[in-house]
Amino acid sequence: MPLFFGGWLNWLTGPQSTIDVAGPVAKSQLDVFYVTVWVTGIIFVLVGGVLAYATLKYKARNSADENAPPPPQGHGNPLIELSLIAASVLALVFIAVPTLKAIWYNYDVPADEKQNALEITSTAYQWWFKFEYPSEQIDGTGPLTTANELVIPAGRAVSINLRTTDVIHSFWVPKLAGKVDMIPNRGNHLWLKADAPGYFWGQCAEYCGEDHAVMRFRVIALSAPDYATWLAKQKAPARSLETPDAATMSQAVPAAYAFKNPGRNAPGWTDKFDSDPLAAWVKQQSPEAGENPVLVAKGRELFTSKTCVTCHVIRGNHGGGAPFAPDLTHIGSRTTIAAGLLENSVENMHRWISRPNEVKPGNKMYMGVPMGGGSMMTGYMKSEDGRLTHNITVSDDEAPALVAYLHSLK
Ligand code: CUA
């Protein structure tokens, strides 16, 4: 009872609530849940009531009752038995009809909305989500690609192809739709729609290794004009600040913030985002006050010299990259980093790039990625056996420049 009424029932109204839904697919799933709860609830009350009545009415009240001979033994009552079977079948049919309707409805975008549906391909990696927009091709590089934040138009059906490159993951946006598994070597799909603009939490829902619990993402639904604006900005190459002249570059520039390591497992999300996450997201789209072109230019150099560029694409600034790492072209405009784990503040960015293993133990940026045939794409870690020699270090003195650069990428 304390759990139920104590205000800890975050799942009723919280960001991952399946009760407080925001789209027709999640609504159809909720309706099935309620039908099932009502039918089974009524059965519970009826059976429990009869049991309680019989227990109280026929209980032994004295020693004569306790030692009484058993009543005459009958062979059952065919009428009662047949009616119970009929009632059970009826209850099952009552649940089955809306369930089957919901399964059909959930399977694919309804025919009348199909023409207008937006197609997205989501690929799961240990441990983050890639989102591609096949209808938005960028010359020479393929579809528009983002990571961990899926931006969609509100009020429009979105058909999502679900893929994975490694193990089984599962795609789940509790308030919009889910959950459907992402299975190796097998195409899967789901569709969803947000009724109105909003900011929704997503989560991998299939155990997929040590960072499964922190394999998160966000879905941001925008009005049609806002979505068009976002699309145009995202398709453009990375925002580039002009590099100052050599004399200016040689000056020492203090960091714009004071970094204090919050320590292993410290939370990276604040009330600022929770109170109005969509407004926080909108704010994140614009360049930040106090941008320092010297720090940004130094960060851009560090992005290459620290070999971040080996895995991450920043379209327009750093080409190449590897297909298994998030595209960072507009990383500064995302509200989250580290696959939805940390809010994208300068302090959190500093913490993430300087101490990735303290934020998300076992992540591939730190551990490296096996490339097959025994070779490794090495990461931050330097292994005891000498096999991993990369040993990337980002000191607290270097990090502010990289942070300034990454945050300039709106
Ligand atoms: Cu991916 Cu759990």
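Residues numbered from 1 in each chain as written. Predicted model: local features only at pLDDT ≥ 70, side-chain atom pairs only at ≥ 80, totals over all residues. Heavy atoms only, no water.

Colleague: If you had to explain the pairing of strand E13 (residues 369–372) to someone new, which residues and values would you point to?
Modeller: Here three bridges tie E13 to strand E14 (residues 375–377), and the two strands are oriented antiparallel to one another. Each residue of the ladder has a partner; that of Pro370, found in E14, is Met376. Connecting the antiparallel pair E13 and E14 is a turn made up of two residues, with Gly373 showing a positive phi of about 65 degrees. (Pairing = 2+ DSSP bridges. Helix = DSSP H or I, 4+ residues; strand = E, 2+ residues; numbered from the N terminus.)

Colleague: Before we move on, could you go through the packing of helix H12 (residues 346–354) against helix H15 (residues 399–408) and cite the residues and values that matter?
Modeller: For the pair H12 and H15, the least separation of the axes is 9 Å and the interaxial angle reads 120 degrees. Classified by the interaxial angle, the pair formed by H12 and H15 is oblique. Here H12 runs over H15; the crossing is right-handed. Counted together, Val346, Met349, His350 and Ile353 of H12 and Ala399, Pro400, Leu402, Val403, Leu406 and His407 of H15 form the full contact between these two elements. (Axes fitted to C-alpha atoms, helices over the stretch in contact; angles between N-to-C directions. Parallel < 35°, antiparallel > 145°, perpendicular 65-115°, else oblique. Left-handed = near helix turned anticlockwise from the far one by under 90°. Contact = heavy atoms within 4.5 Å.)

Colleague: Summarise the pattern of salt bridges; cite the residues concerned and give the values.
Modeller: Taken as a whole and judged by the stated rule, the model has nine salt bridges. The partner of Glu288 in a salt bridge is Lys410, and the shortest N-O contact between them spans 2.7 Å. Of this pair, Glu288 sits in the loop between helix H10 (277–284) and helix H11 (293–305) while Lys410 sits in the segment after H15, and the two are 122 residues apart along the sequence. The partly exposed category is assigned to Glu288, whose relative accessible area is 30%. Assessed through its relative accessible area of 6%, Lys410 is described here as buried. Salt-bridge contacts for Lys306 lead to Glu398; the nearest nitrogen and oxygen are separated by 3.0 Å. Of this pair, Lys306 sits in the loop between H11 and strand E11 (336–337) while Glu398 sits in the loop between E14 and H15, placing them 92 residues apart in sequence. Note on Lys306: relative accessible area 15%, which makes it buried. Residue classification places Glu398 among the partly exposed positions, given a relative accessible area of 25%. (Salt bridge = Lys/Arg side-chain N within 4 Å of Asp/Glu carboxyl O. Buried < 20%, exposed > 50% of the residue type's maximum accessible area, 1.4 Å probe, protein only.)

Colleague: Please provide a residue-by-residue account of the environment of Leu222, values included.
Modeller: Inspection of the secondary structure puts Leu222 in strand E10 (residues 216–222). For the pair Leu222 and Gly155, spaced 67 residues apart in sequence, the C-alpha to C-alpha distance is 8.9 Å. Every residue in contact with Leu222, bar those within four places of it in the chain, is listed here: Val151, Ile152, Pro153, Ala154, Pro197, Tyr227, Trp230, Leu278 and Trp281.

Colleague: Before we move on, could you go through a nonpolar patch on the surface and cite the residues and values that matter?
Modeller: Taken together, the side chains of Phe33, Tyr34, Val37, Trp38, Ile42, Ile43, Leu46 and Val47 define a hydrophobic patch exposed on the protein surface, amounting to about 810 Å² of accessible area. By secondary structure assignment, the location of Phe33 is in helix H3 (residues 24–57). (Patch = residues over 30% accessible without salt bridge, like charges linked within 9 Å, V, L, I, M, F, W, Y side chains within 5 Å. Areas by Shrake-Rupley, 256 points an atom, 1.4 Å probe, with all protein chains shown as cover.)

Colleague: Describe the sheet that holds strand E5 (residues 158–164), with residues and values.
Modeller: Read across the open sheet, the five strands follow the order E3-E2-E1-E5-E8; overall the sheet is mixed. Both outer strands of the open sheet, strand E3 (142–147) and strand E8 (188–192), are each paired with one neighbouring strand and no more. Neighbour to neighbour, the strand axes of the sheet diverge by 30 degrees on average, direction disregarded. Pairing between strand E1 (residues 118–125) and E5: seven bridges, direction parallel. Looking at the pairing, Leu118 lines up with Val158 of E5.

Colleague: So, the pairing of strand E9 (residues 198–204): which residues are in play, and what are the values?
Modeller: With seven of seven residues buried, E9 is to be regarded as a mostly interior element. As paired elements, strand E6 (residues 169–173) and E9 share two bridges and run antiparallel to each other. By the bridge assignment, Phe171 is partnered in E9 with Cys204. Judged from the six bridges that link them, E9 and E10 form a sheet pairing that is antiparallel. Paired with Gln203 across the two strands is Arg216, which belongs to E10.

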